[in-house]
Amino acid sequence: MKLGRELVSADAIQRRVQELAADVSRDYAGIDRPLILLPVLKGSVCFATDLSRHLTVPVNFDYVAVSSYGTGTESSGHVQLLKDLTMDVAGRDVLMVEDIIDTGLTTSFLFDHVQRHRPASLKLCVLLNKQERRITPVPMAYKGFDIPNQFVVGYGLDFDELYRNLSAVHVLEP
Ligand code: 5GP
């Protein structure tokens, strides 16, 4: 597999991140306690970090990690929690931050998991959406880009732990 053409440029990502941050800031303006940003490790770290820099509301960070067992570029749908919440989210506003939604199985598993901790509100902010592959519906309050059904890397997303540091999103080619 090798790095293919650029699908979403670094400039386009940064512009969209600022727009999303403006939407989030507007929607949570005036909240009593900081908004808990909940990036899903590891892929969402770049996105969540950039997003947070443009937010005008106070935020806390917590992180969760999952593994969805699968080979190479296919997720299997068997999701396992690798790292749980460390903050008490009960009664708090939580914004889960996801790099990409494909089948929706990972996000829907995590959403249910966090919901069981009884946050005051739980919403999802996702950078990339592959609608074509959806199996489980996922409520996306904030969405960056719809992309075609291709395996992508960069801006946090990896293949075999490579390419996370790229500032644009690229297609991976055989
Ligand atoms: P799901 O199918 O459960 O929505 O997505 C499972 C996980 O597979 C995502 O959180 C992400 O880590 C990974 N994934 C899905 N599509 C892609 C892709 O195009 N590129 C990369 N690098 N990971 C992906």
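Keep in mind that this is a model prediction, so the values were computed, not measured. (Residues numbered from 1 in each chain as written. Predicted model: local features only at pLDDT ≥ 70, side-chain atom pairs only at ≥ 80, totals over all residues. Heavy atoms only, no water.)

**Describing the nonpolar core**
Within the largest apolar cluster, 28 residues are counted, with the highest numbers of intra-cluster contacts made by Val 8, Phe 47, Leu 95 and Leu 128. Of the residues forming this core, the biggest block, six residues, is contributed by helix H1 (residues 10-27). Here Val 8 is in contact with Ile 13, Leu 128, Phe 145, Ile 147, Ala 168 and Val 169, once residues within four sequence places are set aside. In terms of nonpolar packing, the next biggest core, distinct from the first, is built from 18 residues, Val 64, Val 89, Val 94 and Val 114 among them. (Core = buried A, V, L, I, M, F, W, Y, C linked by side-chain atoms within 4.5 Å. Buried < 20%, exposed > 50% of the residue type's maximum accessible area, 1.4 Å probe, protein only. Helix = DSSP H or I, 4+ residues; strand = E, 2+ residues; numbered from the N terminus. Contact = heavy atoms within 4.5 Å.)

**Notes on the sheet that holds strand E1 (residues 2-8)**
Across the sheet, which stays open at both edges, the three strands sit in the order E1-E10-E9 with antiparallel pairing between neighbours. Among the strands making up the open sheet, the edge pair consists of E1 and strand E9 (152-153). Here E1 runs beside strand E10 (residues 169-173); their pairing, made up of four bridges, is antiparallel. The partner of Glu 6 across the bridge, within E10, is His 170. (Pairing = 2+ DSSP bridges.)

**Points about the site of the ligand**
Neighbouring residues of the ligand: 14 residues in total, closest Thr 103, Gly 104, Thr 106, Val 152 and Asp 158. Here an oxygen atom of the ligand and a backbone polar atom of Gly 104 are 2.8 Å apart. Note that an oxygen atom of the ligand is positioned 3.5 Å from one of the backbone N or O atoms of Leu 105. If you list the elements that add at least two residues to the shell around the ligand, you get strand E6 (93-101) and helix H3 (105-115). Residues that form the shell around the ligand fall into these classes: six nonpolar, five polar and three charged. (Near = heavy atom within 4 Å. Polar contact = N/O pair within 3.5 Å; in protein donor to acceptor, adjacent residues only side chain to side chain. Nonpolar A, V, L, I, M, F, W, Y, C, P; charged D, E, K, R; others polar.)

**Notes on the state of the cysteines**
On inspection of all chains with the given rule, the structure shows zero disulfides. Residue Cys 46 stays outside any disulfide, its sulfur separated by 14 Å from that of Cys 125, the closest cysteine. Owing to a relative accessible area of 27%, Cys 46 belongs among the partly exposed residues under this scheme. Exposure remark for Cys 125: the relative accessible area of 0% places this residue in the buried category. (Disulfide = S-S within 2.5 Å.)

**Digging into the pattern of salt bridges**
With the rule as written, the count across this model stands at ten salt bridges. Of the charged contacts, one joins Arg 26 and Asp 27 as a salt bridge, the two residues approaching to 3.0 Å between their closest N and O atoms. For Arg 26, a relative accessible area of 55% corresponds to the exposed category. Each of the salt bridges in this network shares a partner with another, and the network as a whole consists of Lys 42, Asp 158, Glu 161 and Arg 164. (Salt bridge = Lys/Arg side-chain N within 4 Å of Asp/Glu carboxyl O.)

These values are about where atoms sit, not about what they do.
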